Protein chains: 2
Amino acid sequence: MLGSLVSSVQTTPAVESPEVQPDGKITFRLLDPNAKEVKLHFEGEKNPLPMMRDDAGVWSATLGPLDPDIYAYQFISDGVFLMDPSNSIIKPNLLQPQNLVRVGVATPQLWEVAEVPHGVVHHHLFKSTLIGDQRDFYVYTPPGFEPKAKKKYPVLYLLHGYSDDASAWTAVGMANAILDNLIAQGRVKPMIVVMPLGYGTMEMIRLKYPAWDNPELRQLNFGMFSKLLLTEVIPQVESAYPVSTKREDRAIAGLSMGGSESLLTGLKNIDKFAYVGAFSPGGLGEDYAIEFPGLDVTQASQLRVLWIACGTSDSLIAANRKLKSWLKSQSIGFTDIETPGAHTWMVWRRNLVSFAPLLFGGK
Amino acid sequence: MLGSLVSSVQTTPAVESPEVQPDGKITFRLLDPNAKEVKLHFEGEKNPLPMMRDDAGVWSATLGPLDPDIYAYQFISDGVFLMDPSNSIIKPNLLQPQNLVRVGVATPQLWEVAEVPHGVVHHHLFKSTLIGDQRDFYVYTPPGFEPKAKKKYPVLYLLHGYSDDASAWTAVGMANAILDNLIAQGRVKPMIVVMPLGYGTMEMIRLKYPAWDNPELRQLNFGMFSKLLLTEVIPQVESAYPVSTKREDRAIAGLSMGGSESLLTGLKNIDKFAYVGAFSPGGLGEDYAIEFPGLDVTQASQLRVLWIACGTSDSLIAANRKLKSWLKSQSIGFTDIETPGAHTWMVWRRNLVSFAPLLFGGK
């Protein structure tokens, strides 16, 4: 019974890609002999980068040295976005999956799986009666988790961005590794992290990118998601896990679309959440008094943390500064975080590293 | 704060692919204007299928009508295997990820998520002291699972094939949906299913496909995997979940490489397993007396089920028949399953549907 199955496996001719050098340089390669032009779409780069063809029809480009991180990329061959046939590490996404490449794994990074005790990530499916479709959420439980603990765990609801799926914060954001590492360092209190599918309506995905440019649909999406989270996801979590139901043990945070969902859900439900984090929030209307009715100093002072972050190269930085100006004009306090970087996971992983220790008495 | 992030999103020109018709026909399309030849690699088809180019540079092929199922595919553009840029549903794999397409989702299929109570899939990470690297396993717990149950659950160890990762049986094999559906029908007893990363050495992946053609490495891989399962995975499962440690409550099954691992581990440890299933097993040496030392009628009669399946179009069918002849020559009883189909997940999902009810008093 020899391995005859393999002789029938058909594969691409071997091209090494991506090739990561110890100094943080990366060379990308694509065999594409008949293409007229191949470019590299690299996370955080506004414009595609040129690639050069060699005589064998292999297109290549070398970037860096780059900082230790995890970067998403694709090739663009004569206008068509392609995954790298030589790289099996994939960034899941409902509209445009890409490949991932890691730099600097030889040195410890807070977002990489390390030799520390690990939590467990649990995947739940459910039928939403509110929305009428099949949905899912992931739950991180910390190392040493006790399912029948008398002392209830605090809980962070952590939301992904537009086009991501519910696996994004673990598969791309490495939230489980980040929590494991910060808990091991004593900087984060053991907590439960819940990562639900973040759409109030799946029309946001069925209609693809134009859905995001439709303000009515975006608003419907935000509203339905809040309702779904409060009336279906949170009750399921509280029935399946020993989580505290006190507001001072509940946080909500997210990136981009999920950042706005965190602000909208958190600031309208200060009786339910004491911590709100928005990483590069996007898609809010700019009449903030309408977006956040009734929000005032008295309300907001009940928050232990209101944390708003954005990369200074993010195209949303101006909109985020507007939001922050409005909060200031209302004398509403918040932590104002601006970091280098664009609308990327390199920014959001670091946001989580900075935000998680602020919760529930971490340090 | 309008949706300016989306106007900067760069996307492939819209091409619909795959387009599934209600009658089960599928049309695949790839915009690839400068390619000389594009073909379709479709799960279960021995040879790539031709695609035709239109004036706009879109290559297409229509298959079917096909039976309701989930099929993997890729495009081959001038010899290079490409993912479908229009399809975000991906079959994870450590050597060659592909796209998935579903036919017949409008009618209930046992491998699709249905409106029945759902179990939960738990993802565990650990450092192997035996092998020295980071590893993972997934655990399915059935609907209504009680983490502190006094009555212990029976447990199936379910192993993937060569080049798959630990997520294969849930992400591609839909094992959680299959178990949910069969439990809802009363055909399968609530059980725990453990799906570990199935390599005894990751050289099997680092060296790519040639590793599988190396009999010494394959044998090392089988031996180390058995040891890993017995000394590291099973103890962790038994400490984290209320699983029975009786042999009559333990099963092992797998596909291809995992089928051989199930035979090698199960038949050499009849004191630990009462059920063994091999779906299209591959990679065993053909001197079975050496592969299974000490296996005889007395030993084998302690098994409640020894179940060996293979598709009649599988290139491994001859080798599987040889193994079965040897078992017969030793008067060792087994259930002999030959079904239509090749070395594909269409076969293995159906294998699990047939095998799971045979375990632990199902029907």
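Section: the overall build of chain A
(1) Moving on: The secondary structure content of chain A amounts to ten helices and 18 strands.
(2) Moving on: The C-alpha radius of gyration computed for chain A amounts to 22 Å, which stays within 12% of the reference 21 Å derived for 363 residues, consistent with globular compactness.
(3) Moving on: Dimensions of chain A, computed from the C-alpha atoms along their principal axes, are close to 70 × 50 × 40 Å.
(4) Moving on: Counting the 363 residues in chain A, one finds 48% classified as buried.

Examining the packing of helix α5 (residues 215–240) of chain B against helix α6 (residues 257–267) of chain B
Residue and element names in this part refer to chain B.
(1) Moving on: Two elements in contact, α5 and α6, have axes whose closest approach is 10 Å; the angle formed by their N-to-C orientations is 65°. Read as a crossing pair, α5 and α6 show a hand that is right-handed. Two secondary-structure elements touch here, α5 through Phe 222, Phe 225, Ser 226 and Leu 229 and α6 through Ser 260, Glu 261, Leu 264 and Thr 265.
(2) Moving on: In terms of residue class, the contact of α5 with α6 is built from four nonpolar, three polar and one charged.

Considering the environment of A:Ile332
All names here are of chain A.
(1) Moving on: Within the secondary structure, Ile 332 is located in the loop between α9 (317–329) and β18 (335–339).
(2) Moving on: On a C-alpha basis, the gap between Ile 332 and Phe 145 in space is 36 Å, while along the polypeptide they are 187 residues apart.
(3) Moving on: Ile 332 has contacts with Leu 295, Val 297, Ala 300 and Leu 327, leaving out every residue within four places of it along the chain.

A look at the sheet that holds strand β5 (residues 52–53) of chain B
All names here are of chain B.
(1) Moving on: On the basis of which strands lie adjacent, the open sheet formed by four strands has the order β1-β2-β6-β5 and antiparallel pairing. Of all strands in the sheet, those bounded by a partner on one side alone are β1 (19–20) and β5.
(2) Moving on: In this structure, strand β2 (residues 26–31) lies alongside strand β6 (residues 58–63), joined through six bridges in antiparallel fashion. When the sheet's bridge partners are listed, Phe 28 is paired in β6 with Ala 61.

Details of the interface of chain B and chain A
(1) Moving on: Each side of the interface is counted separately: chain B has 64 residues, and chain A has 65 residues.
(2) Moving on: Elements with a minimum of two residues in the side of chain B that touches chain A: α1 (4–7), β8 (80–82), β11 (120–127) and α9 (317–329) of chain B.
(3) Moving on: Looking at the side of chain B that touches chain A, the element that brings in the most residues is β11(B), giving eight residues.
(4) Moving on: Taken together, the residues of the side of chain B that touches chain A break down into 31 nonpolar, 23 polar and ten charged.

Describing the relation of the copies chain B and chain A
Relating one copy of the chain to the other takes a rotation about an axis and a shift parallel to that axis.
(1) Moving on: For the match of chain B to chain A, the screw axis carries a shift of 0.0 Å, the RMSD comes to 0.0 Å, and the turn is 180°. Those values place the two copies in the arrangement expected of a two-fold rotation axis. Identified as the residue of chain B closest to the rotation axis by C-alpha distance is B:His122, at 2.1 Å.
(2) Moving on: In this assembly, 100% of the residues forming the interface of chain B have copies in chain A that are likewise at the interface, indicating an isologous arrangement.

Here we look at the environment of A:Pro210
Residue and element names in this part refer to chain A.
(1) Moving on: Within the element layout of this structure, Pro 210 appears in the loop between α4 (203–206) and α5 (215–240).
(2) Moving on: Take Pro 210: there are 9 C-beta atoms within 10 Å of it, and that puts it in the exposed class.
(3) Moving on: Along the chain, Pro 210 and Thr 170 lie 40 residues apart, while their C-alpha atoms are 27 Å from each other.

Side note on the domain arrangement of chain A
Residue and element names in this part refer to chain A.
(1) Moving on: Taken domain by domain, chain A comprises domain 1 (10–103) and domain 2 (120–358).
(2) Moving on: Each of domain 1 and domain 2 has a C-alpha centre, and these two points are 31 Å apart.
(3) Moving on: Taken together, the contact between domain 1 and domain 2 spans eleven residues of the former and 15 residues of the latter.
(4) Moving on: Broken down by element, the residue count for the side of domain 1 that touches domain 2 peaks at three residues, all from strand β7 (residues 69–77).
(5) Moving on: Here the side of domain 1 that touches domain 2 is composed, by residue class, of five nonpolar, three polar and three charged.

Comments concerning the sheet that holds strand β6 (residues 58–63) of chain A
All names here are of chain A.
(1) Moving on: Taken in spatial order, the four strands make up an open sheet running β1-β2-β6-β5, and their pairing is antiparallel. Where the open sheet ends on each side, the last strands, each with one partner, are β1 (19–20) and β5 (52–53).
(2) Moving on: Relative to β6, β5 runs antiparallel, the two sharing two bridges. Bridge pairing in β6 places Arg 53 opposite Trp 59.

Thoughts on helix α3 (residues 175–184) of chain B
Residues and elements named next belong to chain B.
(1) Moving on: Of all ten residues making up α3, eight are buried, and the element is well covered by its neighbours.
(2) Moving on: Where the residues of α3 are buried, they touch β11, β12 (134–141), β13 (155–159), α2 (168–171), β14 (192–196) and α10 (345–355).
(3) Moving on: Downstream of α3 by one or two residues, Gly 186 has phi in the positive range, about 75°.

Let's talk about unusual backbone geometry
All names here are of chain A.
(1) Moving on: Look at the link from Gly 64 to Pro 65: it is a cis peptide, with omega at 10°.
(2) Moving on: Turning to its location among the elements, Pro 65 is positioned in the loop between β6 and β7.
(3) Moving on: The phi dihedral of Lys 208 is positive, around 55°, even though this residue is not glycine.
(4) Moving on: Of note, Lys 208 is situated in the loop between α4 and α5.

Re helix α6 (residues 257–267) of chain A
All names here are of chain A.
(1) Moving on: Counting buried residues in α6 gives eleven out of eleven residues, a clear majority hidden from the surface.
(2) Moving on: Among the residues of α6, Met 257, Gly 258, Gly 259, Ser 260, Glu 261, Ser 262, Leu 263, Leu 264, Thr 265, Gly 266 and Leu 267 are the ones counted as buried.
(3) Moving on: Buried residues in α6 make contact with β13 (155–159), α5, β15 (250–255), β16 (275–279) and α7 (288–291).

Focus: the confidence of the model for chain A
All names here are of chain A.
(1) Moving on: Overall, the prediction assigns chain A a mean pLDDT of 94, with 96% of residues at 70 or greater.
(2) Moving on: Every residue in residues 1–8 is under pLDDT 50, and counting partners more than four places away or in other chains gives 27 contacts.
(3) Moving on: Interface scoring of the predicted complex returns ipTM 0.96; its pTM is 0.96.

About the criteria used
Going along each chain's sequence as written, the residues are numbered from 1 onward. Naming scheme: in the order in which they are written, chains are lettered from A and ligands are numbered from 1. Where totals are concerned, whole chains, interfaces and linings use all residues; where local detail is concerned, this predicted model gives features only for residues with pLDDT of at least 70, and gives and counts side-chain atom pairs only at 80 or more. We count a stretch as a helix when DSSP gives it H or I for four or more residues in a row; a strand needs E for two or more, and each element gets its number in order from the N terminus. Radius of gyration here is computed from C-alpha atoms only, and the compact-globule reference equals 2.2 Å multiplied by the residue count raised to the power 0.38. Field definition: a residue is buried when 20 or more other C-beta atoms are found within 10 Å of its C-beta, exposed when 12 or fewer are, and partly exposed for counts in between, with C-beta atoms placed from the backbone. Orientation is described by axes fitted as lines to C-alpha atoms, over the contacting stretch for helices, and by angles from 0 to 180 degrees between their N-to-C directions. Left-handed describes a crossing whose near helix is turned anticlockwise from the far helix by less than a right angle; the clockwise case is right-handed. Think of it this way: build a C-beta for each residue from its backbone, and any pair within 7 Å is a contact. Ten residues, namely Ala, Val, Leu, Ile, Met, Phe, Trp, Tyr, Cys and Pro, are considered nonpolar, four, namely Asp, Glu, Lys and Arg, are considered charged, and the remaining ones, Gly among them, are considered polar. When DSSP finds two or more bridges between a pair of strands, those strands are recorded as paired. The copies were overlaid by least squares, fitting only the C-alpha atoms of residues that reach a pLDDT of 70 or more in each copy. A domain assignment, automatic or from a database, supplies the domain bounds used here. In predicted models, pLDDT denotes the confidence assigned by the predictor to each residue on a 0 to 100 scale.

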